[in-house]
Amino acid sequence: MNARILDLLRRGADELGVDVEAKLPQFGQLLELLQQGNARFNLTALKSEEDIVLKHFVDSLSCLRGGYFTASNRVLDLGTGAGFPTLPLALVRPDLRFTPVDSIRKKIGFVAETARALGLDHVTPLVGRAETLGRQTEHRAAYDRVVVRAVAALPILVELALPLLREGGLLVAQKGPIGEDELNAGRRAAGELGGRVQVVDPFGLPLSGDARTLVVVEKLRPTPEKYPRREGVPNAQPLF
Ligand code: SAM
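The text that follows walks through the structure, step by step, so that each part is easy to find. (Residues numbered from 1 in each chain as written. Predicted model: local features only at pLDDT ≥ 70, side-chain atom pairs only at ≥ 80, totals over all residues. Heavy atoms only, no water.)

### A few points about the site of the ligand
To keep things clear, this is the line we draw: A cutoff of 4 Å decides nearness: a residue is near a molecule or strand if any of its heavy atoms lies inside that distance of it. Pairs of N or O atoms within 3.5 Å make up the polar contacts considered here, provided that, within protein, one atom can donate a hydrogen while the other can accept it, and that residues adjacent in sequence are counted only when both atoms are side-chain atoms. For the accessible areas, the method is Shrake-Rupley and the probe is 1.4 Å, while residue cover comes only from the protein chains on display. Just so you know the grouping, Ala, Val, Leu, Ile, Met, Phe, Trp, Tyr, Cys and Pro go in nonpolar, Asp, Glu, Lys and Arg go in charged, and all remaining residues, Gly too, go in polar.
Inspection of the region around the ligand gives 16 residues, with G79, F84, D102, E131 and R149 positioned closest. At 2.5 Å, a side-chain N or O of R149 approaches an oxygen atom of the ligand. Burial of the ligand by the protein chains amounts to 79% of its free accessible area of 590 Å². Here the residues of the shell around the ligand sort into six nonpolar, five polar and five charged.

### So, the sheet that holds strand 4 (residues 143-149)
Our working definition: Two strands qualify as a pair provided DSSP detects at least 2 bridges between them. Helix and strand assignments come from DSSP, with helices taken as H or I runs of at least 4 residues and strands as E runs of at least 2, each series counted from the N terminus. The contact criterion used is simple: two residues touch if any of their non-hydrogen atoms lie within 4.5 Å. Axis angles are defined between N-to-C directions and span 0 to 180 degrees, where every axis is a line fitted to C-alpha atoms and, for a helix, only to the segment in contact.
The strand order across the open sheet formed by seven strands is 3-2-1-4-5-7-6, and the pairing between neighbours is mixed. Among the strands making up the open sheet, the edge pair consists of strand 3 (126-127) and strand 6 (195-204). Pairing geometry for strand 5 (residues 165-175) and strand 7 (residues 211-219), over six bridges, is antiparallel. Paired with A173 across the two strands is V215, which belongs to strand 7. Sitting on the sheet, helix 3 (residues 49-61) touches strand 4, strand 5 and strand 7, and the angle it makes with strand 4 is about 150 degrees. With respect to the sheet, helix 7 (residues 154-161) is in contact with strand 1 (74-78), strand 4, strand 5 and strand 7, its orientation differing from that of strand 5 by roughly 150 degrees.

### Here's the deal with the packing of aromatic side chains
Put simply, the test is: Between the rings of Phe, Tyr and Trp (Trp by its six-membered ring), a pair exists once the centres lie within 6.5 Å; its type follows the angle of the planes, with under 30 degrees stacked, over 60 edge-to-face, and the other angles tilted. Each ring is checked for a lysine NZ or an arginine CZ that lies within 6 Å of its centre and within 35 degrees of its normal; such an atom marks a charge sitting over the ring.
Applying the stated criterion across every chain yields a total of two aromatic pairs. Every member of this aromatic cluster is reached through a ring pair, and the members are F27, F57 and F84. Looking at R74, its charged tip hangs above the ring of Y143, at a distance of 4.6 Å from the centre.

### Examining the packing of helix 1 (residues 3-15) against helix 3
Cut-off, in case you're wondering: Orientation is classified from the angle alone, with under 35 degrees giving roughly parallel, over 145 giving roughly antiparallel, 65 to 115 giving roughly perpendicular, and any other angle giving oblique. Each crossing is labelled by how the near helix is turned from the far one, with a counterclockwise turn of less than a right angle marking it left-handed and a clockwise turn marking it right-handed.
Running from N to C, helix 1 and helix 3 point in directions that differ by 20 degrees, and their axes come no closer than 10 Å. Comparing the axis directions of helix 1 and helix 3 gives the class roughly parallel. Like other packed secondary-structure pairs, helix 1 and helix 3 cross with a definite hand, here right-handed. Along its contact with helix 1, which presents R4, I5, L8, L9, G12 and A13, the element helix 3 presents E49, E50, V53, F57, V58 and L61. Broken down by class, the residue content of the contact of helix 1 with helix 3 amounts to eight nonpolar, one polar and three charged.

### Observations concerning the environment of Y227
Test applied: Only protein chains enter the calculation, and the probe is 1.4 Å; a residue is then buried if its accessible area is under 20% of its type maximum, exposed if over 50%, and partly exposed in between.
Tracing the chain through its elements places Y227 in the loop between strand 7 and helix 9 (233-236). Take Y227: its relative accessible area is 5%, and that puts it in the buried class. For Y227 and P85, which are 142 residues apart along the polypeptide, the C-alpha to C-alpha distance reads 25 Å. The contact partners of Y227, leaving out residues within four places of it in the chain, are R135, R140, E159, P163, E192, L193 and L239. Here E192 takes part through its side chain, which lies 2.6 Å from a polar atom of the side chain of Y227.

Next up, the structure:
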């Protein structure tokens with residue numbers, strides 16, 4: 001990473017109150033691995049160093065806004081793709097245990113290889129669909145946090161994530177600007193699945209100013225057994 005790109009990362013993280021100083025070499029390594037991964041198979045649409053640093057690294061770190069993650073939390077990253085937000089979060093939060101999940105084997109292969117190269121022993125990647133994991137005793141109600149970035153509309157995320165959370169656990173969804181209709185549908189889905197939307201926090205990303213919203217949903221009661229519905233149904237027929 002050249003000095004200008006390093007400085008972007010430092011300033012972006014600083015603005016979020018995240019200290020990346022000790023981890024700058026690993027962020028540089030992650031950038032290289034992503035670019036190599038992109039050359040092998042098209043992992044992410046973002047190709048320039050500046051875009052990767054601002055729109056993947058700093059954007060992922062913004063999930064820490066508000067302080068919703070507590071030491072030793074088991075965190076499932078639903079639809080991690082090429083490892084976002086897990087990989088940047090895992091670099092600065094060695095105190096959390098991450099399970100990045102994606103249904104696409106090739107993507108999880110890359111995340112696993114990259115986590116190994118960066119020495120991230122607290123990252124355990126998993127191939128699977130959230131609907132399937134949410135019905136398995138090993139994963140149902142097993143996580144303290146579900147984090148998600150850029151996967152689906154709020155009511156769909158709620159149906160996929162709440163079955164995986166223990167009571168008292170939180171879904172932390174990092175989204176773009178969110179309209180009242182999506183928010184209301186998300187609120188109704190949360191009620192149906194045993195939770196409640198607790199926080200809606202709109203903010204601008206550091207440096208770019210791009211609009212984001214952090215939505216936090218708390219699980220208050222066990223999720224009814226009928227959820228999640230079978231694979232693909234939450235997306236095809238959202239609850240609300
Ligand atoms: N979170 C990453 C990011 O912010 O760059 C990736 C976002 S990508 C647009 C959405 C990812 O979610 C895809 O890799 C897709 O395979 C995965 N995905 C969508 N629905 C899923 C589900 N039900 N279970 C597991 N993975 C899912």
